[in-house]
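Single-letter residue listing:
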Amino acid sequence: AALADLIDNSISADASKIEILIDTESVPYTLYLADNGTGMTEDELRGCMKFPSQSPDDNRVHTDLGRFGLGMKTASFSQTRKFTTLSRVRGTEEYAARTWDLEILKNNKWNLLVNSKESICKIIERYRQISNSRINGFENFKANTVVAWEGLYKFEQYLEEKNRENALFKEVDIIADHLSLVFHRFMEKKENKLEIRINNQILVPFNPFP
């Protein structure tokens, strides 16, 4: 459900391809969700990371699946204690990024971190390494927005180390089934259909009403 909230944002941003990648090669585990949507300027990104980022009275385009602008933040904090959103406008090269870190928030400091160019390059480079190491990648895929969950605390704090990775990849199978059902109508479109990749797997839509 948390990932579905992020995918809602990607669909609203006119994304046709989304990939979800989990890096278990180092601790903390990191999950990346990347899309080829329209992306955001730095000002738009700053606004997107606010609590909330929009009023329910605002006029919305018909493709906007959000309402209060809370989904991405609350969904992310349900799974991680630190997350970064990186974005660039489609057709440009340079990313901007902002990070929420619960270690700062719990000290009553509502400081949204502005990522340095070095930090951005490090996150993007690692994301691309993980993406390229998996099979069934999208051809000519350009990620314009990337959300990185640094540390999946439910797996790292509440499971024995020997069970963490196995439990996580069992969860991936559940995620695949859930997303195939929830987004089947977007994945079945004849034009500009949505494609979702989870690690090595391209999801097949599951229509409960064939």
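Criteria and cut-off values
Residues numbered from 1 in each chain as written. Predicted model: local features only at pLDDT ≥ 70, side-chain atom pairs only at ≥ 80, totals over all residues. Heavy atoms only, no water. Helix = DSSP H or I, 4+ residues; strand = E, 2+ residues; numbered from the N terminus. Buried < 20%, exposed > 50% of the residue type's maximum accessible area, 1.4 Å probe, protein only. Contact = heavy atoms within 4.5 Å. Areas by Shrake-Rupley, 256 points an atom, 1.4 Å probe, with all protein chains shown as cover. Expected span 1.5 Å × (residues − 1). Arc of directions from axis to C-beta. Patch = residues over 30% accessible without salt bridge, like charges linked within 9 Å, V, L, I, M, F, W, Y side chains within 5 Å. Salt bridge = Lys/Arg side-chain N within 4 Å of Asp/Glu carboxyl O. Polar contact = N/O pair within 3.5 Å; in protein donor to acceptor, adjacent residues only side chain to side chain. pLDDT = per-residue confidence, 0-100.

A. Layout of the overall build of the protein. Across its full length, the protein carries eight helices and eight strands. Seen through its C-alpha atoms, the protein measures out along the principal axes to roughly 50 × 50 × 30 Å. The burial tally for the protein puts 43% of its 210 residues in the buried class. At a minimum sequence separation of 6, the contacts of the protein that also span at least 24 residues come to 64%. Surface summary for the protein: the accessible area is close to 11,900 Å², and the carbon and sulfur share equals 49%.

B. Representation of helix H5 (residues 117-133) within the structure. In a regular helix each residue adds 1.5 Å, so 17 residues correspond to 24 Å; H5 covers 24 Å between its end C-alpha atoms and thus fits that length. All of the buried residues along H5 are Ile120, Ile123, Ile124, Tyr127, Ile130 and Ser131. Mapping the buried residues of H5 onto a view down its axis gives an arc of 125°, with all of them on the same face. Exposed residues pointing more than 90 degrees away from the buried face of H5 are listed as Lys117, Glu118, Lys122 and Asn132. Where H5 is buried, its residues touch strand S1 (17-23), strand S2 (30-35), strand S3 (82-87), strand S4 (96-101), strand S6 (145-150) and strand S7 (195-198).

C. Seen up close, a nonpolar patch on the surface. Residues Leu181, Val182 and Phe206 make up a contiguous nonpolar surface patch of about 250 Å² in total accessible area. With respect to the helices and strands, the residue Val182 is situated in helix H7 (residues 161-182). For Val182, a relative accessible area of 37% gives the class partly exposed.

D. Layout of the side chain of Asn36. Positionally, Asn36 belongs in the loop between S2 and helix H2 (42-48). A polar contact is formed between the side chain of Asn36 and the backbone nitrogen of Lys17, at a distance of 3.0 Å. Beyond its immediate stretch of four places on either side in the chain, Asn36 contacts Ala15, Ser16, Lys17, Arg90, Phe141, Lys142 and Asn144.

E. Spatial organisation of the confidence of the model for the protein. Predicted confidence across the protein gives a mean pLDDT of 89, with 91% of residues reaching 70 or more. Long-range and interchain partners of residues 53-58, a stretch whose pLDDT sits below 50, account for 14 contacts in this model, where long-range means more than four residues apart. The model gives residues 60-69 a pLDDT under 50, and that stretch makes 24 contacts with residues more than four places away or in other chains.

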